[in-house]
Amino acid sequence: MYAEVIVDVPAQQTDRPFTYEVPREFTGGIECGMRVIVPFGKLKRQGFIIGLTKEAPTFKTRPIEKVLDLSPVLTEELLALADYMCAHTFAFKITCLETMLPAAFKARYEKNILRKTPVAEVVDFFEQAEAIPYDTAEARGMLPQLLEWQKKGWVDVEYEVQQKGKVKTERLVLLKHSAEEYRVLEENVRKNALQQRALLARLADSTAKKAIPAKKLIAEGIKAATLQAGAQKGWISFEEAEVYRDPYQDEATPLGQPLTLNPEQQTAFTKIAASMEKAEEAVYLLEGITGSGKTEVYLQAIAQALAAGKQAILLVPEIALTPQMVERFKHRFGEAVAVLHSGLSQGEKYDEWRKIQRQEAQIVVGARSAIFAPFRDLGLIILDEEHESSYKQEEMPRYHARDLAIWRAKYHHCPVVLGSATPSLESRARAQKNVYHLLRLTQRAQNAHLPAIGIVDQKKEYNAGNSSEFSEILREKISDRLEKGEQTVLLLNRRGYSSFMICRECGYVLTCPNCDISLTLHKDIQRMKCHYCGHEERVPDHCPQCGSKKIRFRGSGTQKIEETLHEIVPEARILRMDVDTTRRKGAHKRILNAFGRGDADILLGTQMIAKGLDYPNVTLVGVLNADTALNLPDFRAAERTFQLLSQVSGRAGRGKKQGEVVIQTFNPEHYAIQWAKAHDYEGFYRQEMRYRHLSDYPPFYYTIALTVSHKDPERAARKIYQLADGLKSVLSPQGKVLGPTPKEVFKVKQRYYYQILIKYKQEPQLLDWLHKVLNESQEELRRGLRLSIDVDPL
């Protein structure tokens, strides 16, 4: 038998299956989708079997060295999905396959020096060992000597493939006697052997269980030595059993009952349920205002899928959303829920994935990569907050979770639900053309009212002498909520303390040495940091260019706002939530739980607090600067601003108390802000669609971004202009090319970036030409050039 293997060497010339002989001992159990270790040149590499045949090739083959799995880690469906991803994202097949699995499945390669002779000099050099790590030999300066010995055949280099994924085990104490027998044994143990008597008494009370975790007995005060003595006396025995690393094991969640749906929710649920019953691959756009009860529709639709013996995937856009969403799903479905997101440890992700693969979970709640959950009988896929840009992966393979959800739904003949209060224009336009089915929820659940939104013109505040980040009206309203014992959410989409440092003598701005971007002050750790490459340096006390002491820090980040809040409302208890405060595992959950318990009066944060959070005591939302996204060089800037303002406004007044929103802006008349104030998505949609039509942008045109980068800006520029010339012969007169231009941040991590944006409707030759460009650019790519093709860039 022969296997077609995709090998872990991500390069254009190796982006194809290689044929290996299957050793006789594996022929009965080997399947497509399993991982193997194969020889590849002088190396050993991990690979994925994508095909099996009994037909012998006409060339000489080498055998598979090791099979890593007892059952396939990738289903036939996921192997087919990888082909779709390769064709549509211009990614390598191995990259697509590895993207589908948790990081624990990615191989780690180790290089060792192997001793091949009993010569005493070499044995002593190796300190009796059979092999030493290559890195150790290099660090000790041993390589010159080893090179000489390699020529004599005394040593050789060996490559080993190490697996990262490890099964966690727990030692169990197995009971070997009845309760009565343990009591007799206790009577016969001498009175002063207190530990042994305590163990026997505990065992006598536990015979119904047959096995107890050893760590539980030790936590109760029984020593490990006593357990060992008990095993020697034949009272107990030990067994190592596999256990899952469960991130939610300490949270006992009682199961809850479905809520009564209002007429609009019932209509949406009935239509989705009908598609499930008919095994219909329909796409539903659930457009529901904030607080309209979209999640309850999701819960009841998933319950319907489970009742039919099917499985379901719910995707959420932000890790911040996950704790609350998981809590609601665990409350409704208990152990049937598995969780996949980047906040879990590598071991927890590995275990959650295996629970899904073994069909021990029927529901997955997770971020973008949860779309690859290895379910075999999907009945429903849901994307909550479908407009969110985090559903698009930024690096290879640049897939959008929505596209993969629709592909998987077609494979399983099941519906997809795209939920949002502010759908992307592309999705709403597809619903308008009846490609998607539009379902609308226009009323808040439990008769709650939408919050009143007030707009503060910061130009007037500034002219009145208030240069603070807080307008007078926002200060008054924060103080009012403190007096009433109600909570406030404040949004500023900029982390750090100050945006940049400037010298007032010469105008010098401290920038990153690796990127074309200013460094941001982080006052809590007294460092200047680059938010692009991670470079950091100490805070200067004088200008590095002219030596002047007249340096100032301009702009406000969340750290500075927190400091200002402590000055204007010193009695307030404040929680800050941004990338800096949520680096540690479980930090999102701790902050949100503390706010939910009422341990804080104000939650201050970046956009991660804008979506999905549901706290009935929040009656005030303040947007400190609505203009941060509005002035970005992006045709979606107005759409992003409208979505963010609508989403954060929806955090107010979700209980019985009336909510209120204050938006501070220097552009109060901008249509995105005015439509957000009116809570009118449809009005915004109509106006923004007119502008998109006039400027030939999505959803009226498709787009592809070509980006070229190199450490030498001239090499990058030469390549991008070569591509621009090539496009002229490929595109029809209807196709449009913007650029070439340097990217908005020209230099990142010592590389210079140029880009082209292609806008098109129907270009039959374009995709083939792009594949050809990738193939023909291989020599340049080996010499340090990078070429990225991003379909439908965000």
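Cut-offs used in this document
Residues numbered from 1 in each chain as written. Predicted model: local features only at pLDDT ≥ 70, side-chain atom pairs only at ≥ 80, totals over all residues. Heavy atoms only, no water. Helix = DSSP H or I, 4+ residues; strand = E, 2+ residues; numbered from the N terminus. Rg over C-alpha atoms; globule rule 2.2 N^0.38 Å. Buried < 20%, exposed > 50% of the residue type's maximum accessible area, 1.4 Å probe, protein only. Contact = heavy atoms within 4.5 Å. Pairing = 2+ DSSP bridges. 1 Å grid on protein atoms, 1.4 Å probe; cavity = no way out; pocket = protein on both sides within 12 Å on 5 of 7 lines; lining within 4 Å. Points joined across faces, edges and corners; volume = space filled by probe spheres on them. Axes fitted to C-alpha atoms, helices over the stretch in contact; angles between N-to-C directions. Expected span 1.5 Å × (residues − 1). Parallel < 35°, antiparallel > 145°, perpendicular 65-115°, else oblique. Nonpolar A, V, L, I, M, F, W, Y, C, P; charged D, E, K, R; others polar. Phe/Tyr/Trp six-rings, centres within 6.5 Å; stacked < 30°, edge-to-face > 60°. Salt bridge = Lys/Arg side-chain N within 4 Å of Asp/Glu carboxyl O. Core = buried A, V, L, I, M, F, W, Y, C linked by side-chain atoms within 4.5 Å.

K.L.:
Would you mind showing me how to read the overall build of the chain here?
P.N.:
For the chain, the count of helices and strands is 25 helices and 34 strands. A globule of 794 residues ought to have a C-alpha radius of gyration of about 28 Å, and the chain, at 31 Å, matches this closely. Projected onto the principal axes, the alpha-carbon positions of the chain cover approximately 85 × 75 × 70 Å. Across the 794 residues that make up the chain, the buried fraction comes to 53%.

K.L.:
Please explain the environment of V36 as it appears in this structure.
P.N.:
Relative to the helices and strands, V36 resides in strand β3 (residues 35-40). Distance in space between the C-alpha atoms of V36 and G622 is 55 Å, their sequence separation being 586 residues. Discounting chain neighbours no more than four positions away, the residues touching V36 are V5, I30, R45, Q46, G47, I49, I64, K66, V67 and L68.

K.L.:
Any chance you could explain the pairing of strand β31 (residues 702-710) here in plain terms?
P.N.:
Looking along a regular strand, one sees the side chains alternate between the two faces of the sheet. Counting buried positions over the nine residues of β31 gives eight, a clear majority of the element. With nine bridges joining them, β31 and strand β33 (residues 751-760) adopt antiparallel strand pairing. Across the sheet, T703 pairs through a bridge with K759, a residue of β33. Where β31 and strand β34 (residues 786-791) come together, six bridges link them in antiparallel fashion. Counted as the bridge partner of I704 is V791 from β34.

K.L.:
Is there a simple way to think about empty space enclosed by the protein in this case?
P.N.:
Vacant regions in the atomic arrangement are exposed by a probe of water-molecule size rolled over the atoms. Scanning the entire structure with this criterion turns up three cavities of 30 Å³ or more. Estimated volume of the largest cavity: approximately 70 Å³. Contributing to the lining of the largest cavity are L491, L492, N493, V623, N625, A626, T628, A629, T641, L644 and L645. When residues of the lining of the largest cavity are assigned to their parent elements, the largest contribution, three residues, is made by helix α20 (residues 637-649).

K.L.:
Got a minute to help me understand the sheet that holds strand β12 (residues 236-242) in this structure?
P.N.:
In sheet architecture, strand pairing relies on hydrogen bonds along the backbone and comes in two forms, parallel and antiparallel. Pairing is antiparallel in the open sheet, where three strands are placed in the order β11-β10-β12. Pairing within the sheet leaves two strands with one partner each, and these edge strands are β11 (211-213) and β12. Across this sheet, the average inter-strand angle for adjacent strands is 35 degrees, counted without regard to direction. Here strand β10 (residues 169-175) runs beside β12; their pairing, made up of seven bridges, is antiparallel. Within β12, the position partnered with L172 by the bridge is E239. Sitting on the sheet, helix α9 (residues 224-232) touches β10 and β12, and the angle it makes with β12 is about 115 degrees.

K.L.:
What should I look at first to understand helix α14 (residues 401-412) in this one?
P.N.:
Across its twelve residues, α14 extends 16 Å between first and last C-alpha, which sits within 8% of the 16 Å expected from 1.5 Å per residue. Counting buried positions along α14 gives nine out of twelve residues, so the element sits mostly inside the fold. For α14, the complete set of buried residues consists of A401, R402, L404, A405, I406, W407, R408, A409 and H412. The secondary structure elements touched by the buried residues of α14 are α1 (76-89), β13 (283-288), β14 (311-315), β17 (378-384), β18 (416-420) and α15 (425-432). Immediately beyond the C-terminal end of α14, within one or two residues, lies H413, with a positive phi of roughly 55 degrees.

K.L.:
Help me understand the packing of α20 against helix α22 (residues 681-695), please; the structure alone is not making it clear to me.
P.N.:
For any two helices packed against each other, the geometry is given by the interaxial angle and the distance between the axes. The contact between α20 and α22 brings their axes to 11 Å, and the two run at 170 degrees. Relative to α22, the element α20 is oriented roughly antiparallel. Residues A638, E639 and F642 of α20 pack against Y681, F684, E688 and R692 of α22. Along the lines of polarity and charge, the residues of the contact of α20 with α22 split into four nonpolar, no polar and three charged.

K.L.:
Please explain the environment of V22 as it appears in this structure.
P.N.:
With respect to the helices, strands and loops of the structure, V22 is situated in the loop between β2 (18-21) and β3. V22 gets classed as buried once you look at its relative accessible area, which sits at 3%. With 51 residues separating them in the primary sequence, V22 and V73 have C-alpha atoms 18 Å apart. Setting aside residues up to four positions removed in sequence, V22 forms contacts with M1, Y2, A3, T27, I30, L52 and I64.

K.L.:
Help me understand the packing of aromatic side chains in this model?
P.N.:
Ring pairs (aromatic) are described by centroid distance and by the angle formed between their planes. Taken as a whole and assessed by the stated rule, the structure comprises 20 aromatic pairs. Ring geometry for F642 and Y681: centres 6.2 Å apart, planes at 45 degrees, overall tilted. Taken as a pair, F642 in helix α20 and Y681 in helix α22 lie far apart in primary sequence, 39 residues in all. Assigned by exposure class, F642 and Y681 land together as buried.

K.L.:
Looking at this structure, how should I read α1?
P.N.:
Helix length check: α1 (14 residues) gives 20 Å between terminal C-alpha atoms against 20 Å at 1.5 Å per residue, within 8%. Every buried residue of α1 is listed here: E77, L78, L79, L81, A82, M85, C86 and T89. On its buried side, α1 packs onto β4 (43-53), α2 (93-99), α14, α24 (766-776) and β34. One or two steps after α1, the chain reaches F90, where phi turns positive at roughly 60 degrees.

K.L.:
Looking at this model, I keep getting lost on the pattern of salt bridges. Mind explaining?
P.N.:
Any two side chains of opposite charge can pair, on the condition that their charged atoms come close. Overall, the coordinates contain 43 salt bridges when judged by the stated rule. The residue R332 makes a salt bridge to E296 at a minimum N-O spacing of 3.0 Å. Of the two residues, R332 is situated in helix α12 (residues 322-333) and E296 in helix α11 (residues 294-307); the sequence distance between them amounts to 36 residues. The exposure class assigned to E296 is buried, which follows from its relative accessible area of 4%. Where salt bridges share partners, they join K477, D480, R481, K484, E486 and E660 into one cluster.

K.L.:
What is the right way to look at the side chain of E98 in this model?
P.N.:
With respect to the helices and strands, E98 occurs in helix α2. For E98, a relative accessible area of 15% corresponds to the buried category. If sequence neighbours within four positions are ignored, E98 has contacts with D8, F48 and K106.

K.L.:
What is the right way to look at the nonpolar core in this model?
P.N.:
When a protein is soluble and globular, its nonpolar side chains tend to lie buried together. Formed by 50 residues in total, the largest nonpolar core has its most connected members in L74 and I381. In contact with L74, not counting residues within four places along its chain, are C32, G33, F48, L79, L97, M100 and L101. Ranked by size, the runner-up nonpolar core spans 39 residues in total, among them M577, A600, L645 and A672.

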